[in-house]
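# Fold and contact review
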Amino acid sequence: MLYLSLRQFEYVVAVAHAGSLTVAAQQLNVSQPALSVAVTQVETHLGRKLFLRRKGAPVTLTAFGRLFLSDAEALLTEAARLENPQTLGRRRLDRITLGIFEDIAPIYLAPLLRNLREQFPDVEIRARVASFEVLAEAVLAGQIDLALTYDLGLDASFERALYTRVSPQAWFPPDDPLATKGEITLADLAERPLILSDQGLSIRHMLGLFRSLGLAPVVAHRAASIEVLRSLAANGEGIGVSYTNPAGMLSYDGRPLSRAVITDPQAIEPIVLIHCGDQPNPLPDIHAAILKSAR
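Structural notes, computed from the coordinates. Given the structure is predicted, the values throughout are model-derived calculations rather than measurements.

Turning our attention to the side chain of Gln8. Tracing the backbone shows Gln8 in helix H1 (residues 6–18). The exposure class of Gln8 is buried, given its relative accessible area of 13%. A polar side-chain atom of Gln8 sits 2.9 Å from the main-chain amide nitrogen of Ser5. The residues contacting Gln8, other than those within four sequence positions of it, are Tyr3, Ala38, Gln41 and Val42.

Bringing the packing of H1 against helix H3 (residues 32–46) into the picture now. Across the interface, H1 lies against H3 with an axial gap of 9 Å and an inter-helix angle of 105 degrees. On the basis of the axis angle, H1 is roughly perpendicular to H3. Where H1 approaches H3, its residues Gln8, Tyr11, Val12 and Val15 are matched on the opposing element by Leu35, Ala38, Val39, Gln41 and Val42. Looking at side-chain class alone, the contact of H1 with H3 contains seven nonpolar, two polar and no charged residues.

Moving on to the nonpolar core. Formed by 62 residues in total, the largest nonpolar core has its most connected members in Tyr108, Leu148, Tyr150, Leu189 and Ile290. Those residues in contact with Ile290 that sit more than four places away from it in its chain are Leu98, Leu112, Leu116, Leu146, Tyr163 and Leu273. Listed in part, the 20 residues of the second largest apolar core include Leu4, Val13, Ala14 and Ala72.

The next subject is the pattern of salt bridges. Under the defined criterion, the tally for this structure stands at eight salt bridges. Glu10 is the salt-bridge partner of Arg7, the closest N and O atoms lying 2.7 Å from each other. One end of the pair, Arg7, and the other, Glu10, are both in helix H1, three residues apart, so they sit about a helical turn from each other. Overall, the relative accessible area of 46% leaves Arg7 in the partly exposed class.

Strand order across the open sheet formed by five strands is E4-E3-E5-E13-E6, with mixed pairing between neighbours. This sheet does not close on itself; its edge strands, each paired only once, are strand E4 (124–130) and strand E6 (159–166). Strand-to-strand twist of the sheet, defined as the mean angle between neighbouring strand axes without regard to direction, takes the value 20 degrees. Looking at chain direction, strand E3 (residues 95–101) and E4 are connected through seven bridges and run parallel.

Further remarks concern helix H2 (residues 21–28). Residues of H2 that are buried include every one of Leu21, Ala24 and Ala25, and no others. All buried residues of H2 fall inside an arc of 100 degrees around its axis, so they share one side. For H2, the exposed residues set more than 90 degrees away from the buried face come down to Gln26 and Gln27. Buried residues belonging to H2 abut H1 and H3. A side-chain oxygen of the first residue of H2 lies 3.2 Å from the backbone nitrogen of Thr22; this N-cap is Ser20. Directly beyond the C-terminal end of H2, a positive phi value near 60 degrees is found at Asn29.

With that settled, consider the pairing of strand E10 (residues 219–223). When strand E9 (residues 194–197) meets E10, the two strands line up parallel, connected through four bridges. The residue bridging Ser197 from the neighbouring strand is Ala223, located in E10. In this fold, the crossover linking E9 to E10 by way of helix H8 (residues 200–212) has right-handed handedness.

Axis separation between H1 and H2 bottoms out at 8 Å; the angle between their running directions is 125 degrees. It follows that H1 is oblique to H2 by the angle criterion. Considering how the two elements wind past one another, H1 and H2 form a crossing that is right-handed. Counted together, Glu10, Tyr11, Ala14, Val15 and Ala18 of H1 and Leu21, Val23, Ala24, Gln27 and Leu28 of H2 form the full contact between these two elements. A class-by-class count of the residues in the contact of H1 with H2 yields eight nonpolar, one polar and one charged.

Okay, unusual backbone geometry next. For the bond running from Asn281 to Pro282, omega is 5 degrees, close enough to zero to count as cis. Note that Pro282 resides in the loop between strand E13 (269–275) and helix H10 (283–293). The backbone phi angle of Asn29 is positive, close to 60 degrees, even though this residue is not glycine. Note that Asn29 resides in the loop between H2 and H3.

Conventions we followed
- Residues numbered from 1 in each chain as written.
- Predicted model: local features only at pLDDT ≥ 70, side-chain atom pairs only at ≥ 80, totals over all residues.
- Heavy atoms only, no water.
- Helix = DSSP H or I, 4+ residues; strand = E, 2+ residues; numbered from the N terminus.
- Buried < 20%, exposed > 50% of the residue type's maximum accessible area, 1.4 Å probe, protein only.
- Polar contact = N/O pair within 3.5 Å; in protein donor to acceptor, adjacent residues only side chain to side chain.
- Contact = heavy atoms within 4.5 Å.
- Axes fitted to C-alpha atoms, helices over the stretch in contact; angles between N-to-C directions.
- Parallel < 35°, antiparallel > 145°, perpendicular 65-115°, else oblique.
- Nonpolar A, V, L, I, M, F, W, Y, C, P; charged D, E, K, R; others polar.
- Core = buried A, V, L, I, M, F, W, Y, C linked by side-chain atoms within 4.5 Å.
- Salt bridge = Lys/Arg side-chain N within 4 Å of Asp/Glu carboxyl O.
- Pairing = 2+ DSSP bridges.
- Arc of directions from axis to C-beta.
- Right-handed = clockwise from strand over helix to strand, strands pointing away.
- Left-handed = near helix turned anticlockwise from the far one by under 90°.

Following this line, the structure appears as structure tokens:
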């Protein structure tokens, strides 16, 4: 907690430079008694005399006062710099935090970090992997500068820029009747038990796509991760549906998998780069570099 105000620091500096409470009061456009009280309050708080006040003689600094004056002047100079919009606009962050939704992090995070560190070697770039809700809250709180996520559950507080668009994938064992098809529709899955992500926003979004077509599928499992989803699908527990599309065709337990793209136009989902508020340098350049890397 600050006990002394910038105004009080300004008063002390003015008196030191003027050598007179009366002259300083005139320069500051305050009354001499008010100025005297303010200086006394500073001295009382510090427990030290800043000035020697003698009747008929100029006000002079004590040895402690000279030390205090130097620091007070530096503080006022820094305060003036901080409140200057042009000066603040020239400041640069030397550390940023990039957030990324946990399901897409294994695909996009490492290449992004490598690319950004090559382009911005003077900036420390930290990464934070989290769920939809945690990412959004952290961006709003200023704990994350930029975040890559699906455009789900985001209100007008967020600035969005399109990074890419993805279609959902259906996962099943190779002997499934759908394994011969490279492309399917949501209607093809309507009568099959589904394995969906247990992320609240994700599962509501996926079920909403089916309902928009008048379909009411059965959810057999809610998987905590894409690899749990793929393992369940490989073992015949249902059709896994996910926007995340790992390159491998084996589940973690070594079972082979087949997949097909779900081609319904309304199922295509944008991945967006989000932030809130103004972006000090070099965030605009980093923002542009991330978007460019998606092309």
